[in-house]
Amino acid sequence: MDIRNETVTGRALRVSQPSQDLDNLLVELVEIAPPRPGPGQVLVEIVAAGVNPSDVKASLGHMPHAIWPRTPGRDFSGIVREGPTNMIGLEVWGGGGELGITQDGSHGKWMVLDQKAVRAKPSNFTMEEAGSIGVPFITAYEGLREAGGVQPTDVVLVCGGNGKVGQAAIQLATMAGATVFAVEHTAQQLMAHTNKPVVLFNSSVDDVADIVRQKTNGHGADIVFNTVGSPYFELANNALAKQGRQIFISTFDRAVPFDIFNFFRGRHKFIGIDTLALTSVEGAKIFDKLRPKFEEGLLKPFPINPASCYALADAAKAYVSVLRGTPDRVLLKP
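Residues numbered from 1 in each chain as written. Predicted model: local features only at pLDDT ≥ 70, side-chain atom pairs only at ≥ 80, totals over all residues. Heavy atoms only, no water.

**Student:** Account for the overall build of the protein, naming residues and giving values.
**Tutor:** In terms of helices and strands, the protein carries 9 helices and 15 strands. Taken against the 2.2 N^0.38 rule, which gives 20 Å for 334 residues, the C-alpha radius of gyration of the protein at 20 Å falls within 12% of a compact globule. Each principal axis of the C-alpha distribution contributes one length, and for the protein these read about 70 × 45 × 35 Å. Looking at the protein as a whole, 53% of its 334 residues are labelled buried. Here the analysis covers contacts within the protein between residues at least 6 apart in sequence; of these, 69% occur between residues at least 24 apart. A total of about 14600 Å² of accessible surface is found on the protein, and carbon and sulfur atoms cover 51% of it. The averaged location of the 34 negative side-chain charges in the protein is 4 Å from the averaged location of its 32 positive side-chain charges. (Helix = DSSP H or I, 4+ residues; strand = E, 2+ residues; numbered from the N terminus. Rg over C-alpha atoms; globule rule 2.2 N^0.38 Å. Buried < 20%, exposed > 50% of the residue type's maximum accessible area, 1.4 Å probe, protein only. Contact = heavy atoms within 4.5 Å. Areas by Shrake-Rupley, 256 points an atom, 1.4 Å probe, with all protein chains shown as cover. Lys, Arg positive; Asp, Glu negative; His and termini not counted. Charge placed at Lys NZ, Arg CZ, Asp CG, Glu CD.)

Right, here's the structure in full:
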């Protein structure tokens, strides 16, 4: 399809001001003409776009550096419709921290990107699966990389193991051969694909730190991937092995009790990950690392529930479901 000789419009979401709250989302559905890509850019027709908590929070005004107005959306799969001749018609996937925040994102039919920000999707993926990967796997990959990578001898504890980033971290850590534990705040079945057995604890009844030490002959966790922040802060610190690393990506409370003595005596490291600082070009480089593992079946996409694939007209329902904790990976399909 060459849209340059056609008049083709499409729908897109627009947010022009912060919403008061989740029940009063100010998300407008508008009709737009395809934007014109400049030198070094491509025009992508979006087929499926993941909805992340950060997309919704940005619409609520929680991202101070976000521009207004804009089209939200950080993750995508789609088809290149304009750009270099060799890229026309290519089915692509991607994601980035600037998308939907400081420039128009993927929650619409058309999106212009740097051509270095798109990559051919895995050959064994549907477009829906490809559009679901972005932020969760980029966050998990970058967190574990910043923590020095995962070794087969490592013990990894994932706090919030059934969240999307938690599931991605479990996949990556078990693929590396580590011993992996996970924790949730209620009794649940583990949702993540794993490459070896993973025990999921219930923090409301289990002394997680003590059990992890028991199961590792007193060693503890070399890496704690804390996807939730403050609710698991003390538990995670108690579970850390000597020279253990704790990764943070989010939190409920900004201030937490901090035992400095145990921190320096344990030679612990705290690592903060903000994927909003990673551009879509940097995200594409991470996808280069992940794609072969997905094609080999060592990593798996999130299961796609058709009931959690929304049209743009139902975007408000999609946004609300994400921030209220649906277990499904939510997608918009322009």
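**Student:** If you had to explain the environment of V183 to someone new, which residues and values would you point to?
**Tutor:** In this structure, V183 sits in strand β9 (residues 179-184). Assessed through its relative accessible area of 0%, V183 is described here as buried. Note: C-alpha distance between V183 and P34 (149 residues apart in sequence) is 45 Å. Not counting residues within four places of it along the chain, the set of residues in contact with V183 comprises L157, V158, C159, G160, G161, L200, F201, S203, V208 and Y232.

**Student:** Break down the layout of surface pockets for me, with residues and values.
**Tutor:** Put simply, the largest pocket is a space of about 1700 Å³. Lining the largest pocket are 46 residues, and of these P53, K57, T227, I249 and S250 lie nearest its centre. Its residues placed into classes, the lining of the largest pocket shows 19 nonpolar, 19 polar and 8 charged. Put simply, the second largest pocket is a space of about 290 Å³. Taken together, 18 residues line the second largest pocket, and the ones lying closest to its centre are N237, N238, N262, F263 and H268. Of all the secondary-structure elements, those providing two or more residues to the lining of the second largest pocket are α6 (233-239), β12 (240-248) and α7 (260-265). (1 Å grid on protein atoms, 1.4 Å probe; cavity = no way out; pocket = protein on both sides within 12 Å on 5 of 7 lines; lining within 4 Å. Points joined across faces, edges and corners; volume = space filled by probe spheres on them. Nonpolar A, V, L, I, M, F, W, Y, C, P; charged D, E, K, R; others polar.)

**Student:** Run through empty space enclosed by the protein, naming residues and quoting values.
**Tutor:** Applying the stated criterion across every chain yields a total of 1 cavity of 30 Å³ or more. Around the largest cavity sit R74, D75, G95, G96, G97, V135, I138, T275 and L278, which together line it. Residue composition of the lining of the largest cavity, by class: 3 nonpolar, 4 polar and 2 charged.

**Student:** Requested: an account of unusual backbone geometry, with residues and values cited.
**Tutor:** The peptide bond linking W68 to P69 adopts the cis configuration, its omega dihedral lying at -10°. With respect to the helices and strands, the residue P69 is situated in the loop between α1 (53-59) and β4 (75-82). The phi torsion at N217 lies on the positive side, around 55°, for a residue other than glycine. With respect to the element layout, N217 can be found in the loop between α5 (208-215) and β11 (221-226).

**Student:** Residue-level account of the side chain of E184, with values.
**Tutor:** Relative to the helices and strands, E184 is located in strand β9. Summary of buried charges: E184 has no salt-bridge partner, and the nearest side chain of opposite charge, K164, is 9.1 Å away. For E184, the side chain forms a polar contact with the main-chain nitrogen of G161, separated by 3.4 Å. Not counting the four nearest positions on each side in its chain, E184 is found in contact with G160, G161, N162, G163, L200, F201, N202, S203 and Y232. (Salt bridge = Lys/Arg side-chain N within 4 Å of Asp/Glu carboxyl O. Polar contact = N/O pair within 3.5 Å; in protein donor to acceptor, adjacent residues only side chain to side chain.)

**Student:** Could you give an account of the packing of helix α3 (residues 134-146) against helix α8 (residues 280-296), with specific residues and numbers?
**Tutor:** Interaxial distance between α3 and α8 falls to 10 Å at its minimum, and their mutual angle equals 95°. In terms of axis orientation, α3 runs roughly perpendicular to α8. From α3, G134, F137, I138, Y141 and E142 reach across to α8, where they touch G283, I286, F287, K289, L290 and F294. (Axes fitted to C-alpha atoms, helices over the stretch in contact; angles between N-to-C directions. Parallel < 35°, antiparallel > 145°, perpendicular 65-115°, else oblique.)

**Student:** An account of the sheet that holds strand β8 (residues 155-159) is requested, with residue identities and associated values reported.
**Tutor:** Backbone-to-backbone hydrogen bonds pair the strands of a sheet. The strands run either parallel or antiparallel. Read from one edge to the other, the open sheet built from 6 strands follows the order β10-β9-β8-β11-β12-β13, with strand pairing classed as parallel. Of all the strands in the sheet, just β10 (199-202) and β13 (269-272) have a single pairing partner and so form its edges. When strand polarity is set aside, the average angle formed by the axes of neighbouring strands in this sheet is 20°. As judged from the 4 bridges shared by β12 and β13, these two strands associate in the parallel manner. The partner of I247 across the bridge, within β13, is I271. Those strands touched by α3 are β11, β12 and β13, and its axis lies near 145° from that of β11. The sheet strands contacting α5 are β8, β9, β10, β11 and β12, and the helix crosses β10 at an angle near 150°. (Pairing = 2+ DSSP bridges.)

Take it as geometry only, folks, not as evidence of what the structure does.
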